[in-house]
Amino acid sequence: MPEPLLEVKDLHVYFYVPEGTVRAVRGVSWDLQPGETLGLVGESGCGKSVTALSLLRLIPNPPGKIVQGEILFEGEDILKKSMGDMRDIRGNSIAMIFQEPMTSLNPVFTCGDQVMEAIILHQKISKEDAKSLTINLFKEVQLPDPERIFSTYPHQISGGQKQRVMIAMAMSCQPSVLIADEPTTALDVTVQKTILQLMKKLQTERDMGIMFITHDLGVIAELADKVVVMYKGQIVEQGSVWEIFTNPQHPYTKGLLACRPPLDKRYTFLPTVSDFMQEDSSGKVIDNNVSVEEFTKHLTIPDNERKAKQKELFDQLPILEIKSLKTYFPIRNGFFGGITGHVKAVDNVSFNVFPGETLGLVGESGCGKTTVGRTILRLEEPTEGEIIYKGNDVVKMNAEDLRSFRKEVQIIFQDPYSSLNPRMTIGNAIMEPMQVHKILENDNERKKRVEELLKRVSLDPSHFYRYPHEFSGGQRQRIGIARALAVKPKFIICDESVSALDVSVQAQVLNLLSELKEEFGLTYIFISHDLSVVKYMSDRMVVMQEGKIEEMGDADQIYNNAKTEYTKKLIDAIPEGKTEDIKKHLESKGVKVK
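Residues numbered from 1 in each chain as written. Predicted model: local features only at pLDDT ≥ 70, side-chain atom pairs only at ≥ 80, totals over all residues. Heavy atoms only, no water.

Draft legend 1. Highlighting the sheet that holds strand S16 (residues 384-389). What the four strands build is an open sheet, ordered S14-S13-S16-S17; its pairing is antiparallel. Looking at the sheet topology across the chains shown, the edges are occupied by strand S14 (338-353) and strand S17 (392-393). Examined bridge by bridge, S16 and S17 share two bridges and lie antiparallel to one another. What sits directly across from Tyr389, in S17, is Asn392. Where helix H14 (residues 369-376) meets the sheet, its contacts fall on strand S13 (320-333), S14 and S16, and the angle it forms with S13 comes to roughly 110°. (Pairing = 2+ DSSP bridges. Helix = DSSP H or I, 4+ residues; strand = E, 2+ residues; numbered from the N terminus. Contact = heavy atoms within 4.5 Å. Axes fitted to C-alpha atoms, helices over the stretch in contact; angles between N-to-C directions.)

So, in structure tokens, the structure goes:
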């Protein structure tokens, strides 16, 4: 066995906070060979990012401290290096792509200057050489018009382009190890696919070791050679990608594998981690001793049952009709701010929604799907077209009618944190729309209703007096759902409401939305860039590109028999994590699997 490029032995990282000691990483050990990809998997808070930051000694101290262990890079312990030696290692030998490119790039420097800075610091070359090397790197990461992007600021380019700038910066000094911390989590599947292909290509050319951190096992299947599964700061399972996917041993791994929405069938509900394991009062894991196949075999909805339900749905009159809808935004230029053109965010879109249906709106970022949702509620004013809800045109409604309409039609926003007032307790945030619409007699009755809603979305009623920052992402999303339900709506627009969540939390939220739909007789428009989630949730699907509808029809039919090239490209980019994909990926690296 060759000498590992990077080896972690019995790593312990603690954070000393006023509430006590948080043991973020406990006894973690693994190794990484040259040219190998190690996938580090687990839910938010399991210690993945803390492990990655420890490798570069970037743990903030105080409150954090590496209390025990060794991190051997090329045989030498990084924890014993001086700060000067660490500066040479960071970016030069071990590089890192951070999770959120917008906050990792400096907003006051151009993209080119930021990549050049790393090159000049580590390679001691002239500015001219550094500039030409940066432009070449931008070409290598397939950025359009590299010379232009060299001079642009981070806010002027898309999320996928920012991520490519980060990859170019990480690759600029030809590191031996690349740490990628959730580099594709918030990206469209098509952008994600090109970035994963790019990382594979750069790895092959440079024989680089990659440590890839994610909660998406589909991505791991197509990229990793070895997988390390973390839970509550500890490794619960590690092995080759083939072993982990074909024969998982730990119940937590089984839960993570099972809770991804399947693409080839429909389940009555999505399995979650708690279906495979429980924890006793001391935190000890109790295995439910059930395999993924065993648990899921009774969940599949028969085709004839689904067809009968759909016939029932589509025999009704539509609850919402969108006719030739256009929403244009003016482009203003020059000293006097004259209008020089328009961004056609929604361009001649028409569709119907039937009572009790879930209609999926899918497409890449910038395709106009969120603007459609916002225009239906008149949060954006339409330029042209009709929005007919229960026979009334929303476009022509006065302020009073619009208020009544918005009581019936609610929206769950994409980012629950920014849609909740940080100064308001979550109880008051849920109660506020009830006060506006004069629902129930007084605040005591409303408070009782809020407590019932919190219970219904699996939150403790005692959380009424807590503030948004005291909750996790998944919990905040549940608060957003409870607030939407507070005014007893008939119709809910879910705008990317699970896109930033872990797969296990995503499964819980999707199950909750399905249960609430049955319980309250709701109708949904479900907006997402994740085609697998939209297909799982929707009866029918609308595929959008550049403000127009590309394709519309039954969700299963579109997935199995897409008509347009664009839809085929979207479907092809979904990382499915099938065994044949893993086999193909391993055989491309010369690894034989049985």
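Structure's up, so let's keep going.
Draft legend 2. Region of interest: the sheet that holds strand S22 (residues 548-554). Strand order in this open sheet of six strands is S18-S19-S20-S15-S21-S22, and the pairing throughout is mixed. Of all strands in the sheet, those bounded by a partner on one side alone are strand S18 (409-412) and S22. Sheet twist, expressed as the mean angle between neighbouring strand axes with direction ignored, is 15°. Relative to S22, strand S21 (residues 540-545) runs antiparallel, the two sharing six bridges. Residue Met541 lies in a different strand from S22, and its bridge partner there is Gly553.

Draft legend 3. Structural view of the pattern of salt bridges. Following the criterion strictly, the structure yields 29 salt bridges and no others. For the salt bridge of Glu279 with Lys232, the shortest nitrogen-to-oxygen distance reads 2.9 Å. With Glu279 in strand S11 (residues 277-279) and Lys232 in the loop between strand S9 (226-231) and strand S10 (234-240), this residue pair connects regions lying 47 residues apart in the sequence. Residue Lys232 is classed as partly exposed on the basis of its relative accessible area, which comes to 45%. A salt bridge links Lys535 to Asp556; the nearest nitrogen and oxygen atoms lie 3.4 Å apart. Here Asp556 lies in helix H21 (residues 555-560) and Lys535 lies in helix H20 (residues 531-537), a separation of 21 residues in the sequence. Since its relative accessible area comes to 2%, Lys535 is described here as buried. Note on Asp556: relative accessible area 15%, which makes it buried. Each of Arg266, Arg306, Lys535, Asp554 and Asp556 takes part in a single network of salt bridges with overlapping partners. (Salt bridge = Lys/Arg side-chain N within 4 Å of Asp/Glu carboxyl O. Buried < 20%, exposed > 50% of the residue type's maximum accessible area, 1.4 Å probe, protein only.)

Draft legend 4. Broad picture of the side chain of Arg449. Within the fold, Arg449 resides in helix H17 (residues 443-456). Within the buried core, Arg449 has no salt-bridge partner, and the shortest N-O distance to an opposite charge, that of Glu452, equals 4.4 Å. A polar side-chain atom of Arg449 sits 3.3 Å from the main-chain carbonyl oxygen of Leu485. The residues contacting Arg449, other than those within four sequence positions of it, are Met434, Leu440, Leu485, Ala486 and Lys488. (Lys, Arg positive; Asp, Glu negative; His and termini not counted. Polar contact = N/O pair within 3.5 Å; in protein donor to acceptor, adjacent residues only side chain to side chain.)

Function cannot be read off these values alone, since they describe shape.
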